[in-house]
Amino acid sequence: MNSVKLIALDIDGTLYNKDGVITSYNKEMIRKAVENGITVIISTGRPYIGLPVDEMKELGIQYAITANGSAVYRVPEKELLLDESMDTDLSVRLLRKLYTQSLHIDAFINGDGYTQFSTSELTNLLDIPDSLKKYIQTTRKTITDLAAYIEEHKLCVSKLTLNFAPDADGSYTTREKTKEILDTFPEVTYVSGGFHNLEVTRCGIAKSQGLKFLCDYLHISMEDTMAVGDSENDLDIVKAAGIGVAMGNAQQLLKDSADFISLSNEEDGVAYAIERFCF
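Residues numbered from 1 in each chain as written. Predicted model: local features only at pLDDT ≥ 70, side-chain atom pairs only at ≥ 80, totals over all residues. Heavy atoms only, no water.

A. Spatial organisation of the sheet that holds strand β13 (residues 243–246). Taking strand neighbours across the sheet as the criterion, the 8 strands line up as β5-β4-β3-β2-β1-β12-β13-β14 in an open arrangement whose pairing is mixed. Looking at which strands have only one partner, the edges of the open sheet turn out to be β5 (79–83) and β14 (260–261). Pairing of β13 with β14 involves 2 bridges; the strand directions are parallel. Within β14, the position partnered with A246 by the bridge is I261. Sitting on the sheet, helix α9 (residues 207–218) is in contact with β1 (6–9), β2 (39–43), β3 (63–66), β4 (71–74), β5 and β12 (225–229), with an inclination near 155° to β3. (Pairing = 2+ DSSP bridges. Helix = DSSP H or I, 4+ residues; strand = E, 2+ residues; numbered from the N terminus. Contact = heavy atoms within 4.5 Å. Axes fitted to C-alpha atoms, helices over the stretch in contact; angles between N-to-C directions.)

Pasting the structure below:
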């Protein structure tokens, strides 16, 4: 068995249950891991503003890979340790193309979440859990013209999250059209973080790069890590970690690549994996 010295935990669909809650048993096992000298980190597609900072402090979690590896922070200081954002020009060109489609766009900038008023009204039409809708609605800054705002203030975007309302037949026509647009930008890469979304970062950026950075920073071997996730944006970090764990509710492609399949996020799958491999 690997000697686990670092555990990387995804949030949505992994650490959180469907209600957006970290259960008491998950908290218990995380505390036990930290008390036994294991570093526990967050590995999420969310920006810093979407982190459960108070609970992280309570549990002794001091580091977070955010925006699918585009930004790594020390918590709760919000100290930026690694920044792999898209530059201003690329961000503006990409947004102007994407806004030709009917979709909900979030832009993550300096740890905050931004959306454009014209697409923010789509939130209630999205096929996502109510807990995620509430999270989006309560953590985004709404801008009239997001591309113009980014250009004017010379901002760099860590990640774009694109969400799509289903067609009447349950398909996602706009999603396919959007992928065609993204494929014309070789400077970016995209994966799904669940619920048919697309998450766009600078080409070559993924959660595994954030894990490697923190391992180097903390002098921990990648072989001594465990990563737990549920969706496509966790695939690279699950493959890269010493022990890759797919949640019981994970997408099949993640289960096929994992070393271990845990219980679901409704069954304390994080705690189950920690107990299985760390104690």
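Continuing now.
B. Representation of the environment of I220 in the model. Residue placement: I220 occurs in the loop between α9 and β12. For I220 and E77, which are 143 residues apart along the polypeptide, the C-alpha to C-alpha distance reads 22 Å.

C. Local environment of the nonpolar core. I7, L51, L211, M226 and I274 are the most contacted members of the largest nonpolar core, which totals 56 residues. Per-element accounting of this core gives the leading share, 6 residues, to helix α12 (residues 269–278). Leave out the neighbours within four places in its chain, and I7 touches A33, I38, T39, V40, I41, M226, I274 and C278. Of all hydrophobic cores here, the second largest spans 28 residues; its members include A107, Y114, I150 and I181. (Core = buried A, V, L, I, M, F, W, Y, C linked by side-chain atoms within 4.5 Å. Buried < 20%, exposed > 50% of the residue type's maximum accessible area, 1.4 Å probe, protein only.)

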